[in-house]
Number of protein chains: 2
Amino acid sequence: MIKSGDKQMGKKDNISSSVIQRLPRYYRFLSELEKEGITHVNSGELAQRMRSTASQVRQDFNCFGEFGQQGIGYSVKGLTKEIENILGLKNRYPAILIGAGNIGTAIANQLTFENKCFQLIGIFDNDENKIGSEVAGLTVQSILSLDEFCKNNHVETAVLCVPKTAAAELAHQLYKLGIKSYWNFSHYDLKLLYPDIVVENVHLSDSIMQLCFRITQSTNIDKQ
Amino acid sequence: MIKSGDKQMGKKDNISSSVIQRLPRYYRFLSELEKEGITHVNSGELAQRMRSTASQVRQDFNCFGEFGQQGIGYSVKGLTKEIENILGLKNRYPAILIGAGNIGTAIANQLTFENKCFQLIGIFDNDENKIGSEVAGLTVQSILSLDEFCKNNHVETAVLCVPKTAAAELAHQLYKLGIKSYWNFSHYDLKLLYPDIVVENVHLSDSIMQLCFRITQSTNIDKQ
DNA sequence: GATAATTTGTTATAATAATAACGAATAAAA
DNA sequence: TTTTATTCGTTATTATTATAACAAATTATC
């Protein structure tokens, strides 16, 4: 019998975040290969698409198991399934979203129409003008009914699309409701508050600053 | 005289991307310190806020120059300015955005109201229903007028909020128009097309998969 | 004014990540 | 059937990144 966490399922215990960051990319390129009708791929070809090295490709997969076959390579379908398993894409996590502004609405639509693992079951806002309106097929609820909703429904994940100023207090409330995983679009570091939570940050302003840095650097180099 | 690229401006030539990724975070925490009325900070306190080590803080800054004072620490205002300089936040880059959907609209608002370095001067879409409507104070233009617009206006950066299927062709068009830097929200790796461009990717679906992985992993660990 | 306490900048070390090398397994060719 | 060409999985090496250690500079204290 294979239990979750069983050694048979994987090889390494502590996977480095560098490897994890590459997994969705592998998944994406494998999907493309499948669409192109390619059934088998070797580490070199995959590396070329990923702008990586064959060595790294092989070692990345080796963290989890032996997915390939010597002399042949990897089955595109098989490898796709393995990565799906590793990432847990077959799981279904009920999620709520707080903040039905521009980004909140965009993310709500993304969650509802372009994603399977997270199922958006509630949207909340504190703006009277937004409450009652429809976003991604759901009616925006008052933030005041958040507690009751979370007590009546199992909520695994919260998506935070609120301003920085509201993030800390809101996180406190959600943590007390037992929510331990967050997709965080607010410009605030939740991880500092509670070390035992899982947070995936999308800091758009950090991203824009890095773009600014790289443009500035490249134009300076050109001028030299 | 200090020229750009002059050794006086910095110390290291090749800054690692790990350091660059931390810079916006430093900037953020320094802004918070300034708001709290704190004028000076030492590497240890800053490290604590950043969830880092004093050693790393000192070494990060040392890539660019000597910003602190032995026995005292760093001036919050002074350090903020230095990071602003390094990141090039004082620059003003004209930008266009393509794809006025949900995410496009959200990003357009972010660019217009919560950012200074990029100035949004044009929004384009190919959807007849969107052309002519107003987004972030600008009128959405037809994608057919993109070429003419770019020839009449200096455009430094393009923000891509289009579906994966449209990204490659669009990037080709923009590259021909001389645009070499991209804030890319489409699920496609532009860098593969043209190695000489600057791309900052925001791959939301990669982000969501990583969140899924970490939740799945943490729930499996709990069950053991 | 001398000494102790801070705290930086820098060098040395340790830890991590990426690449290269190579044996073992498989398929194709001779 | 044997040999050759592939290609993985794994180990060894190199490169990169993070941490620790310590001298030099500054301030505060005695």
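Structure first, text after, so check above.
Now for a description of the structure that goes with this document. These numbers were taken from a predicted model, which means no experiment stands behind them.

## Overview of the protein's contact with DNA strand C
- Around DNA strand C there are 26 residues in total, and Ser-55 and Gln-70 of chain A together with Lys-11, Asn-62 and Gln-70 of chain B lie nearest to it.
- Phe-67 of chain B places a polar main-chain atom, nitrogen or oxygen, 3.2 Å from a phosphate oxygen of DNA strand C.
- Looking at the surface near DNA strand C, the element that brings in the most residues is helix H3 (residues 54–62) of chain A, giving four residues.
- The residue makeup of the surface near DNA strand C, split by class, is four nonpolar, 17 polar and five charged.

## A word on the relation of the copies chain B and chain A
- Turning chain B through 180 degrees and shifting it by 0.0 Å along the axis lays it on chain A, with an RMSD of 0.0 Å. When the rotation and shift are considered jointly, the pair of chain copies conforms to a two-fold rotation axis.
- Interface residue correspondence from chain B to chain A reaches 100%, placing this contact among same-surface, isologous pairings.

## As for the interface of chain B and chain A
- Counting residues at the interface gives 64 residues for chain B and 64 residues for chain A.
- Buried surface at the junction of chain B and chain A, both sides included, amounts to about 5,900 Å², of which 64% is carbon and sulfur.
- Considering only the surface of chain B that becomes buried against chain A, Arg-28, Ile-208 and Phe-213 of chain B emerge as the three largest contributors, covering 11% of it.
- Our enumeration of links across chain B and chain A arrives at 24 residue pairs in polar contact (both at pLDDT 80 or more).

## Let's talk about the protein's contact with DNA strand D
- For DNA strand D, the set of nearby residues contains 26 residues, the closest of which are Lys-11, Ser-43 and Asn-62 of chain A together with Ser-55 and Gln-70 of chain B.
- Ser-43 of chain A places a polar side-chain atom, nitrogen or oxygen, 2.5 Å from a phosphate oxygen of DNA strand D.
- Gln-70 of chain B has a polar side-chain atom sitting 2.4 Å from a sugar or linking oxygen of DNA strand D.
- Taken together, the elements giving at least two residues each to the surface near DNA strand D come down to H3 of chain A together with helix H1 (17–35) and helix H3 (54–62) of chain B.
- Considering each element in turn, the surface near DNA strand D owes the most residues, four residues, to H3 of chain B.

## Overview of the pairing of strand S6 (residues 138–142) of chain A
Residues and elements named next belong to chain A.
- In this structure, strand S4 (residues 118–125) lies alongside S6, joined through three bridges in parallel fashion. Counted as the bridge partner of Ile-123 is Val-140 from S6.
- What sits between the antiparallel neighbours strand S5 (residues 134–135) and S6 is a turn of two residues, in which Ala-136 has the positive phi angle 50 degrees.

## Concerning the packing of helix H1 (residues 17–35) of chain A against helix H4 (residues 76–87) of chain A
Residue and element names in this part refer to chain A.
- At their nearest, the axes of H1 and H4 sit 10 Å apart, and the two run at 150 degrees to each other. Classified by the angle between their axes, H1 and H4 sit roughly antiparallel to one another. Taken as a pair, H1 and H4 cross one another with a handedness that is left-handed. Where H1 approaches H4, its residues Leu-23, Pro-24, Tyr-26, Tyr-27, Leu-30, Leu-33 and Glu-34 are matched on the opposing element by Val-76, Lys-77, Leu-79, Thr-80, Ile-83, Glu-84, Ile-86 and Leu-87.
- For the contact of H1 with H4, the per-class residue count stands at eleven nonpolar, one polar and three charged.

## Brief notes about the sheet that holds strand S5 (residues 134–135) of chain B
All names here are of chain B.
- Spatial ordering of the open sheet is given by S5-S6-S4-S3-S7-S8-S9, a layout of seven strands whose pairing is mixed. Each edge of the open sheet is held by one strand with a lone partner, namely S5 and strand S9 (198–201).
- For strand S7 (residues 157–160) and strand S8 (residues 181–184), the ladder comprises four bridges, and the chain directions are parallel. Paired with Leu-160 across the bridge in S8 is Asn-184.

## Regarding helix H7 (residues 164–176) of chain B
All names here are of chain B.
- A rise of 1.5 Å per residue sets the reference length of H7, with its 13 residues, at 18 Å; its end C-alpha atoms lie 19 Å apart and thus fit the reference within 8%.
- Where H7 is concerned, the buried positions are Ala-167, Leu-170, Ala-171 and Leu-174.
- Each element contacted by the buried residues of H7 is listed here: strand S3 (93–98), helix H6 (146–152), S7 and S8.
- Once H7 ends, the next one or two residues include Gly-178, with phi positive near 90 degrees.

## Observations concerning the sheet that holds strand S8 (residues 181–184) of chain A
Residue and element names in this part refer to chain A.
- Spatially, seven strands are ordered S5-S6-S4-S3-S7-S8-S9 in an open sheet, and the strand pairing comes out mixed. A single partner strand is all that each edge strand has here, and the edge strands are S5 and strand S9 (198–201).
- Sheet topology note: the strand S3 (residues 93–98)/strand S7 (residues 157–160) ladder contains four bridges and is parallel. By the bridge assignment, Ala-95 is partnered in S7 with Thr-157.
- Its contacts with the sheet place helix H5 (residues 102–113) against S3, S4, S5, S7 and S8, and it is angled at close to 160 degrees to S4.

Analysis parameters
Here, residues in each chain are numbered from 1, in the same order as that chain's written sequence. Each chain gets a letter, beginning with A, and each ligand a number, beginning with 1, in the order they are written. In view of the model being predicted, local features appear only for residues whose pLDDT reaches at least 70, and side-chain atom pairs are presented and counted only at 80 or more, with totals across whole chains, interfaces and linings using the full set of residues. Remark: hydrogens and water are excluded; side-chain values derive from all non-hydrogen atoms of the structure. Nearness is judged by heavy atoms alone; a residue qualifies as near a molecule or strand once a single heavy atom is within 4 Å of it. Side-chain atoms alone can form a polar contact between residues adjacent in sequence; in general such a contact is a pair of N or O atoms within 3.5 Å, and within protein one must be able to donate a hydrogen while the other accepts it. Helix numbering and strand numbering both begin at the N terminus, where a helix is a DSSP run of H or I of at least 4 residues and a strand a DSSP run of E of at least 2. Residue polarity is assigned by list, with Asp, Glu, Lys and Arg as charged and Ala, Val, Leu, Ile, Met, Phe, Trp, Tyr, Cys and Pro as nonpolar; anything else, Gly included, falls into the polar class. To line up the copies, we fit them by least squares on C-alpha atoms, keeping just the residues with pLDDT of at least 70 in both. Contact criterion: two residues are considered in contact whenever any of their non-hydrogen atoms come within 4.5 Å of each other. Buried surface area refers to the total accessible area, computed with a probe of radius 1.4 Å, that the two partners give up upon joining, counted for both partners together. Two strands form a pair only when DSSP identifies at least two bridges running between them. Here an axis means a line fitted to C-alpha atoms, over the contact stretch when the element is a helix, while the angle between two N-to-C directions is reported on a 0 to 180 degree scale. The scheme is simple: roughly parallel for angles under 35 degrees, roughly antiparallel for over 145, roughly perpendicular for 65 to 115, oblique for anything else. For a crossing to be left-handed, the near helix must be turned anticlockwise from the far one by less than a right angle; the clockwise case is right-handed. In this scheme, a helix's expected span is set at 1.5 Å multiplied by one less than its residue total. Remark: exposure states derive from per-residue accessible area (1.4 Å probe, protein chains only) relative to the maximum for the residue type, with buried under 20%, exposed over 50%, and partly exposed in between.

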